[in-house]
Amino acid sequence: MRMLLNWKLHLFAAMIIFIAELIGVRKVSILVFMPILYAIIIGGFVSYPKFKILSIKDMDDASNIFPIALSLLLVKIGLGVGPNLSMLMESGGTLFFQTIGHFLGIVLLALPVAMLLGLGRESIGGSYSLGREVNVAIIAEKYGLNSPEGRGVMGVFICGTDLTHVMWTRL
């Protein structure tokens, strides 16, 4: 409960969100920079220990609050899926073949290459589909986001968000 009353943490989170949203989506050629990228960069500066803006206790509180915030995001996204179910059904076999391609690409290519590169347990989370919200929730529940698997899935989630957006805007 103490972490929910950490006003300093909530103030910084609100400021970071405000700044990131103020910057908005920026396109440079085929690259699309989303507000989540700016929020991560600003958060990295704010949490850098040498700047002494946030204490270790504040950062521990933030890591404990994150799964709660992620759950709220997943609920919001899940509520948006319902009205679009008919569109998913109209896709027919396309969605099925995309899923098979992701699975085979991961099992036959991504995971073995990651293991050969010595990425260890991070490769489990990193090669788990595209790191979409549902995948993040499963890894968070099974291993926790502070685990190597959690770091792997969050890295892919952050990169995948921007890359997927670029892919869909080019189509």
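This structure is a prediction, so every number in the text was calculated from the model and none was measured.

Reading the values: rules and limits
- Residues numbered from 1 in each chain as written.
- Predicted model: local features only at pLDDT ≥ 70, side-chain atom pairs only at ≥ 80, totals over all residues.
- Heavy atoms only, no water.
- Helix = DSSP H or I, 4+ residues; strand = E, 2+ residues; numbered from the N terminus.
- Buried < 20%, exposed > 50% of the residue type's maximum accessible area, 1.4 Å probe, protein only.
- Contact = heavy atoms within 4.5 Å.
- Areas by Shrake-Rupley, 256 points an atom, 1.4 Å probe, with all protein chains shown as cover.
- Expected span 1.5 Å × (residues − 1).
- Bend = angle between axes of the 7 residues up to and from the residue.
- pLDDT = per-residue confidence, 0-100.
- Patch = residues over 30% accessible without salt bridge, like charges linked within 9 Å, V, L, I, M, F, W, Y side chains within 5 Å.
- Salt bridge = Lys/Arg side-chain N within 4 Å of Asp/Glu carboxyl O.
- Arc of directions from axis to C-beta.
- Core = buried A, V, L, I, M, F, W, Y, C linked by side-chain atoms within 4.5 Å.
- Polar contact = N/O pair within 3.5 Å; in protein donor to acceptor, adjacent residues only side chain to side chain.

> What am I meant to see in the overall build of the chain here?
A tally of helices and strands in the chain yields 8 helices and 2 strands. Mapped in sequence order, the helices and strands of the chain form the string α-β-β-α-α-α-α-α-α-α. Residue burial in the chain is summarised as follows: out of 171 residues, 25% are buried. Across the chain, every contact between residues at least 6 apart in sequence was considered, and the portion connecting residues at least 24 apart equals 56%. Of the roughly 11,700 Å² that the chain leaves accessible, carbon and sulfur atoms contribute 74%.

> What exactly am I supposed to notice about helix H3 (residues 56-81) here?
Between its first and last C-alpha atoms H3 spans 38 Å; for 26 residues at 1.5 Å apiece the expected length is 38 Å, and the two agree. Maximum bend of H3: about 30 degrees, positioned at isoleucine 65, with proline proline 67 one to four residues after it. Along H3, the residues that are buried comprise Asp58, Asp61, Ile65 and Leu70.

> Looking at this structure, I do not really get the confidence of the model for the chain. What am I missing?
Low-pLDDT stretches of the model should not have their predicted coordinates read in fine detail. With 89% of its residues at a pLDDT of 70 or more, the chain has an overall mean of 80. The least confident element of the chain is helix H8 (residues 148-170), whose mean pLDDT is 65; the most confident is helix H1 (residues 7-23), at 92. In the model, residues 162-171 has pLDDT below 50 throughout and makes 12 contacts with residues more than four positions away in sequence or in other chains.

> Any chance you could explain a nonpolar patch on the surface here in plain terms?
Together, Phe96, Phe97, Ile100, Phe103, Leu104, Val107, Leu108, Leu109, Val113, Leu117 and Leu119 make up a nonpolar patch on the protein surface, roughly 1,100 Å² of accessible area in all. Here valine 107 is to be found in helix H5 (residues 93-116). Residue class for valine 107 comes out partly exposed when judged on its relative accessible area of 41%.

> I tried to follow the pattern of salt bridges on my own but got confused; where do I start?
Opposite charge on two side chains makes pairing possible when the charged atoms of those side chains draw close. One pass over the full model with this rule turns up 4 salt bridges. Residue arginine 151 pairs with glutamate 122 through a salt bridge whose shortest N-O separation is 3.3 Å. Of the two residues, arginine 151 sits in helix H8 while glutamate 122 sits in helix H6 (residues 122-126), which places them 29 residues apart along the sequence. On the accessibility criterion, arginine 151 (45% relative accessible area) is partly exposed. Looking at glutamate 122, the relative accessible area reads 30%, which means it is partly exposed.

> Looking at this structure, how should I read the side chain of glutamate 149?
Relative to the elements of secondary structure, glutamate 149 occurs in helix H8. When residues no more than four places from it in sequence are discounted, the contact partners of glutamate 149 are Arg121, Ile124, Gly125, Ile139 and Tyr143.

> What exactly am I supposed to notice about helix H2 (residues 35-47) here?
In an α-helix there are 3.6 residues to a turn, and that puts residues three or four apart on one side. Here H2 contains 13 residues, and its C-alpha end-to-end distance of 18 Å stays within 8% of the 18 Å for a straight helix at 1.5 Å per residue. For H2, the complete set of buried residues consists of Pro35, Tyr38 and Val46. When H2 is viewed along its axis, its buried side chains cluster within an angular range of 70 degrees and face the same direction. Each element contacted by the buried residues of H2 is listed here: H1, strand S1 (26-28) and strand S2 (31-33).

> It is not clear to me how the nonpolar core should be interpreted in this structure. Could you clarify?
What tends to happen in soluble globular proteins is that the nonpolar side chains get buried as a cluster. Judged by nonpolar contacts, Leu70, Val136, Ile139, Leu145, Val153, Met154 and Phe157 together constitute the single largest core of 7 residues. Sorting the residues of this core by element identifies helix H7 (133-142) and H8 as the ones contributing at least two each. For this core, the element with the most residues is H8, which contributes 3 residues. Residues within four places of leucine 70 in sequence aside, it is in contact with Val136 and Leu145.

> For this particular structure, what's the right way to read the side chain of asparagine 6?
Checked against the element boundaries, asparagine 6 lands in the segment before H1. A polar atom in the side chain of asparagine 6 sits 2.9 Å from the side chain of aspartate 58. When sequence neighbours within four positions are dropped, the list of residues in contact with asparagine 6 reads Lys57, Asp58 and Asp61.

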